[in-house]
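# Working through the structure, step by step
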Amino acid sequence: QALEDQYSPSRWSPRLDRDTIIDAHLAVTAAGTERARASAQTLLHVPYGNGDGEKLDIYFPTDPSETFPVLVYIHGGYWQCLSKDNSGFAAPPLVSQGVAVVAVGYDTAPEGHMDAMVLQVRRSLTFLVERYPRIRGIYLCGHSAGAHLAAMVLSTDWTEFQVVPDIKGAVLVSGVYDLEPILHTYVNDALNMSWEVAQRNSPMRHVTPAVPAACEVLVAMAQHDSPEFRRQSQEYSQALRAAGWSVSLLDLAGVDHFDVIEKLSEDSYVLTQV
């Protein structure tokens, strides 16, 4: 029961009770995405593969130069809910600064399983690189389960993909980097992960030594994340640092597991600025 509580982010917010905070999060991200779609030049539901969930939403910069950086956003939802369709809320402040924003869709559980989701996110990046030669550097941003998927991208052996994305930075927000504890909670009811699958897909267990071109990593956690979520962020950032990565740990005051990412729609928010 203690573990279930630790891995139930909705129990830890001082703002709203656990029943309303998820609905509030859905409403805020949906409204923010609607605003972003109304104000930006977009290409929606771009297929990067044949699967139902294998689609991207692209928000282009207001004044695109010849080349432009892209922020690839990977949504959370414990690998079983949310979608790219409410993941465009972070676009407005960035597109106004010449950055493209891409919201990645993937097949969530129970249709999708963990190995497939990790592969889909990796393939979405190779698709972007091949399709848009004007991209100048990719920056990953993932929230919660999305931070896990972004971290798995960092441990990719790209030789089997024939393309090496130029990943310049990764912003990992309130993530889970060791899946083993998840096996013992309600979260695994839909995921149906075995111990082997959890090991294979735990970024904490696949930290590779940093190469000279390794990107900068920002691991962010919310003041009101659960102690277990905060521990995971701290330990993963330490493991990256020990392997020679350039990593910063950002502890964001006054936010919980949900508004830590919702506030990316605000220009003045510290994470938006970073």
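Residues numbered from 1 in each chain as written. Predicted model: local features only at pLDDT ≥ 70, side-chain atom pairs only at ≥ 80, totals over all residues. Heavy atoms only, no water.

## Topic: empty space enclosed by the protein
Taken as a whole, this structure holds three cavities of 30 Å³ or more when the rule is applied. By volume, the largest cavity amounts to about 50 Å³. Forming the walls of the largest cavity are His25, Thr29, Tyr73, His75, Gly76, Leu82, Asn86, Ser87, Phe89, His143 and Ile261. When its residues are assigned to classes, the lining of the largest cavity shows four nonpolar, seven polar and no charged. Of the voids in this model, the second largest cavity is the one considered here, and its volume is about 40 Å³. Contributing elements (two or more residues each) for the lining of the second largest cavity: α5 (145–154) and α8 (227–242). Looking at the lining of the second largest cavity, its residues break down into seven nonpolar, three polar and no charged. (1 Å grid on protein atoms, 1.4 Å probe; cavity = no way out; pocket = protein on both sides within 12 Å on 5 of 7 lines; lining within 4 Å. Points joined across faces, edges and corners; volume = space filled by probe spheres on them. Nonpolar A, V, L, I, M, F, W, Y, C, P; charged D, E, K, R; others polar. Helix = DSSP H or I, 4+ residues; strand = E, 2+ residues; numbered from the N terminus.)

## As for the packing of aromatic side chains
Counted under the stated rule, the structure contains eight aromatic pairs. Ring geometry for Tyr78 and Tyr186: centres 6.5 Å apart, planes at 80°, overall edge-to-face. With Tyr78 in the loop between β3 (68–74) and α3 (91–95) and Tyr186 in the loop between β6 (167–173) and α6 (188–191), the pair connects residues that are 108 residues apart, well separated along the chain. For Tyr78, a relative accessible area of 10% puts it in the buried group. Ring centres 4.5 Å apart and planes at 10° place the aromatic pair Tyr177 and Tyr236 in the stacked group. Here Tyr177 is found in the loop between β6 and α6, whereas its partner Tyr236 is found in helix α8, with 59 residues between them in sequence. An aromatic cluster is built from Phe60, Phe68 and Tyr132, whose rings are joined through pairwise contacts. (Phe/Tyr/Trp six-rings, centres within 6.5 Å; stacked < 30°, edge-to-face > 60°. Buried < 20%, exposed > 50% of the residue type's maximum accessible area, 1.4 Å probe, protein only.)

## Overview of the side chain of Ser144
If you trace the backbone, Ser144 turns up in the loop between β5 (135–143) and α5. Polar side-chain contacts of Ser144 include one of 2.9 Å to the side chain of His257. The contact partners of Ser144, leaving out residues within four places of it in the chain, are Gly76, Val173, Ser174, Gly175, Val176, Phe229 and His257. (Polar contact = N/O pair within 3.5 Å; in protein donor to acceptor, adjacent residues only side chain to side chain. Contact = heavy atoms within 4.5 Å.)

## Brief notes about the sheet that holds β6
The strand order across the open sheet built from eight strands is β1-β2-β4-β3-β5-β6-β7-β8, with neighbouring strands paired in mixed fashion. Of all strands in the sheet, those bounded by a partner on one side alone are β1 (41–47) and β8 (246–256). Taking the axes of each pair of neighbouring strands and ignoring which way they run, one obtains an average angle of 20° across the sheet. Pairing geometry for β1 and strand β2 (residues 55–60), over five bridges, is antiparallel. The partner of Gln41 across the bridge, within β2, is Phe60. (Pairing = 2+ DSSP bridges. Axes fitted to C-alpha atoms, helices over the stretch in contact; angles between N-to-C directions.)

## Quick look at the pattern of salt bridges
Within this structure, the stated rule accounts for 14 salt bridges. The residue Asp57 makes a salt bridge to Arg37 at a minimum N-O spacing of 2.7 Å. Of this pair, Asp57 sits in strand β2 while Arg37 sits in helix α2 (residues 18–39), placing them 20 residues apart in sequence. Under the relative-accessibility criterion, Arg37 is labelled partly exposed at 26%. Here Glu54 makes a salt bridge to Arg123, at a shortest N to O gap of 2.8 Å. One end of the pair, Glu54, is in the loop between β1 and β2; the other, Arg123, is in helix α4 (residues 114–131), and 69 residues separate them in sequence. When salt bridges that share partners are traced, they join Arg37, Asp57, Lys84 and Asp85 into one network. (Salt bridge = Lys/Arg side-chain N within 4 Å of Asp/Glu carboxyl O.)

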